[in-house]
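# Remarks on the overall topology
What follows is the residue order along each chain.
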Amino acid sequence: MASASTFCPNPSPCTSRVVSSSRRRFTSFAFKSGRTLFGSGVPSRNFFSLSTRVNRTGPVPIYASSQTFDVVIVGAGIIGLTIARQFLIGSNLSVAVVDKAVPCSGATGAGQGYIWMVLKTPGSEKWELAMRSRKLWEMLAESIHDQGLNPAEVMGWKKRGSLLVGRTPEESDLLKRRVQQLSEAGLRAEYMYSHDLLQEEPALMVGEDGGAAFLPDDSQLDAQLTVAFIEKGNRLFASKGRYAEFYHDPVTCLLRSGSHGEVKGVQTSKNTLYSNKAIIVAAGCWSGSLMHELFRESDILLDVPVKPRKGHLLVLENFNALQLNHGLMEVGYIKHQTILASEQLDHGQALSVSMGATMDTLGNLTLGSSRQFAGFSSEVDEPVVAQIWKRAAEFLPKLREFSLSDFSRSRKVRIGLRPYMPDGKPMIGPVPGMTNVFLATGHEGEGLSLALGTAEMVADMVLGNPGRVDSAPFAVQGRGC
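Reading guide: rules and limits
Residues numbered from 1 in each chain as written. Predicted model: local features only at pLDDT ≥ 70, side-chain atom pairs only at ≥ 80, totals over all residues. Heavy atoms only, no water. Helix = DSSP H or I, 4+ residues; strand = E, 2+ residues; numbered from the N terminus. Buried < 20%, exposed > 50% of the residue type's maximum accessible area, 1.4 Å probe, protein only. Contact = heavy atoms within 4.5 Å. Areas by Shrake-Rupley, 256 points an atom, 1.4 Å probe, with all protein chains shown as cover. Phe/Tyr/Trp six-rings, centres within 6.5 Å; stacked < 30°, edge-to-face > 60°. Lys NZ or Arg CZ within 6 Å of the ring centre and 35° of its normal. Core = buried A, V, L, I, M, F, W, Y, C linked by side-chain atoms within 4.5 Å. pLDDT = per-residue confidence, 0-100. Axes fitted to C-alpha atoms, helices over the stretch in contact; angles between N-to-C directions. Left-handed = near helix turned anticlockwise from the far one by under 90°. Nonpolar A, V, L, I, M, F, W, Y, C, P; charged D, E, K, R; others polar. Expected span 1.5 Å × (residues − 1). Salt bridge = Lys/Arg side-chain N within 4 Å of Asp/Glu carboxyl O. Pairing = 2+ DSSP bridges.

### Here's the deal with the overall build of the protein chain
Counting its secondary structure elements, the protein chain contains eleven helices and 21 strands. By residue count, 56% of the 481 residues in the protein chain fall in the buried class. Across the protein chain, every contact between residues at least 6 apart in sequence was considered, and the portion connecting residues at least 24 apart equals 75%. Summed over its atoms, the accessible surface of the protein chain is roughly 20,200 Å², and 49% of this surface lies on carbon and sulfur atoms.

### Section: the packing of aromatic side chains
Here the structure, examined in full by the defined rule, presents nine aromatic pairs. Consider the rings of Phe402 and Phe407, whose centres lie 5.6 Å apart with planes at 50°: the pair is tilted. In textbook terms, an aromatic cluster arises when at least three aromatic residues are bridged by ring pairs, as seen for Phe319, Trp389, Phe402 and Phe407. The ring centre of Tyr333 lies 4.4 Å from the NZ or CZ of Arg371, which sits over that ring.

### Quick word on the nonpolar core
Ranked by internal contacts, the top residues of the largest apolar core, which has 70 residues, are Trp137 and Met155. Examining the composition of this core, we find that nine residues originate from one element, helix 11 (residues 447–463), more than from any other. When neighbours within four sequence positions are excluded, Met155 is seen to be in contact with Trp137, Leu140, Ala141, Ile144, Leu221, Asp222, Leu225, Thr226 and Phe229. Membership of the second largest hydrophobic core comes to 32 residues, among which are Ala212, Leu314, Met359 and Phe395.

### Some points on the confidence of the model for the protein chain
Predicted coordinates in regions of low pLDDT should not be interpreted in detail. Summarising the model, the protein chain shows a mean pLDDT of 84, and 82% of its residues fall at 70 or more. A low-confidence stretch, residues 10–57 stays under pLDDT 50, and its non-local contacts, those more than four residues away or across chains, total 97 contacts. In this model, residues 338–347 is a region of pLDDT below 50 whose contacts with residues beyond four sequence positions or in other chains number 14 contacts.

### Some details on the packing of helix 2 (residues 78–90) against helix 7 (residues 223–235)
One way to put it is that helix 2 packs onto helix 7 with a least axis distance of 10 Å and a crossing angle of 35°. Where helix 2 crosses over helix 7, the two elements pack in a sense that is left-handed. On helix 7, the residues that touch Ile78, Leu81, Thr82, Ala84, Arg85 and Leu88 of helix 2 are Thr226, Val227, Ile230, Glu231 and Asn234. The residue makeup of the contact of helix 2 with helix 7, split by class, is six nonpolar, three polar and two charged.

### What about helix 5 (residues 169–184)?
Across its 16 residues, helix 5 extends 23 Å between first and last C-alpha, which sits within 8% of the 22 Å expected from 1.5 Å per residue. Residue Gly186 follows helix 5 closely and has a positive phi angle near 105°.

### A word on the pattern of salt bridges
Close approach of charged atoms allows side chains with opposite charge to pair. Enumeration according to the criterion identifies 19 salt bridges in this entry. For Arg134, the salt bridge is made with Glu138, and the minimal N-O distance between the two is 3.5 Å. With Arg134 and Glu138 both in helix 3 (residues 127–146) and four residues apart, this pair spans about one turn of that helix. On the accessibility criterion, Glu138 (15% relative accessible area) is buried. Across the pair Arg391 and Glu330 runs a salt bridge whose closest N-O atoms are separated by 2.8 Å.

### Digging into unusual backbone geometry
Gly368 connects to Ser369 through a cis peptide bond whose omega is -10°. As for its position among the elements, Ser369 is in strand 18 (residues 365–371). The backbone of His248 sits at a positive phi, close to 50°, despite the residue not being glycine. By secondary structure assignment, the location of His248 is in the loop between strand 11 (243–246) and strand 12 (251–256). Residue His248 is classed as partly exposed on the basis of its relative accessible area, which comes to 48%.

### A closer look at the sheet that holds strand 16 (residues 327–330)
The eight strands lie next to each other as 8-9-7-16-17-18-15-19, forming an open sheet whose pairing is mixed. Both edges of this open sheet fall to strand 8 (190–193) and strand 19 (411–420), since each of them pairs with a single strand only. Across the sheet, the mean angle separating the axes of adjacent strands is 25° when strand polarity is ignored. Two strands pair when backbone bridges link them, and strand 15 (residues 307–316) and strand 19 are joined in this way by ten bridges, in the antiparallel orientation. Following the sheet pairing, Lys307 is matched in strand 19 by Tyr420.

### Quick notes on the pairing of strand 20 (residues 427–431)
Extensive coverage of strand 20 is indicated by the burial of four of its five residues. Relative to strand 21 (residues 434–441), strand 20 runs antiparallel, the two sharing five bridges. Counted as the bridge partner of Ile428 is Ala440 from strand 21. The antiparallel pairing of strand 20 with strand 21 creates a hairpin that spans two residues between the two strands, and Gly433 there sits at a positive phi of about 85°.

Written as structure tokens, this is what we have:
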């Protein structure tokens, strides 16, 4: 192994470790059939079994202090895990996933779990990536079904459709134009006037001047189930020596070949992980501060302007006072999103609350959503929760029959720190001056919906494959670097 120098803002965790080569030990997997289906689905439950030596829900155990992989991914959210999946099914490379916590503990697990194409704008710089991701999600759901499994059980997948609703003549005109745009872009879309909307969604009231853009093919996902499914599929490659997880193991250092050389790997709090091919940082809203720390004392000037944007979602468990047939979002959500995406830098707290409502198959009602800049705080802000409740009741009159205090025992509040970029686009691509270090961050509230397209894009970059989607709008160069 070539010698490598450690580059670390805090040298002590790096220099105290003796780097040694030791034998890898992976979880064993067994199949009653030679058929592995992760590339297009999941293995049948009748075929898949785990070694009894390993906890089924835990990470793949690693017992070595130093290891080498082709690709090292920092971040085990939906972006990091799907990138790992793409390399595993689309190449013969080995992959390690590193995270300071565990999967679904960040923005992914705190979201609504919806593929909102009704919120996307045809012709925008994210449109093709969104369309590609949507297609890949649908292909994945179809492949699960083709294997005799139920996508709703495997990852909470269901085509529930979505309604983007407005209450004023101006909002209705905007929605009609959006329907025309979406239809011309190839999606099934229709405008629904208030009287038709009442038939489709009886619990929703928008007034005589209101209406909605209806996309019947928008889909719902359960983030927890989906992440568990992706994780289980990744672990199928562990017995081949191609996959490992390092959870509760934050990255502390970069390893470079000489003071100005190529990055050769990462040092974590417990392990030394060398990389033959690429290091990919997909750490969500922590990506900016992490990259700053890792490069703070180097000759690389790097500014990743991603920042946390705090969001609250209110979940009422087993709520049977009303029924929702589709995902609901008020048109003010996209108007506010557009305004903030065009602003720069100093937002203060900039709190906004928009009505969003979804209901899962278990009858849990999820209401949202809020957006604010509050640093890395993940504390519940009860006044924000109260505003979410009040805003939802303006569209769902049945809620006015209750007080929020009525649900003290049957409510949950999800707090997510969404990785916000000032220009509204994720960063996807190589770090300037470092051909083997890549970023995949800044998806804000679209991580789940853009995940599969992002994963494909990153893997194509690393492998030198032609891109299915133009990656230029998401390049790292010139966006704070």
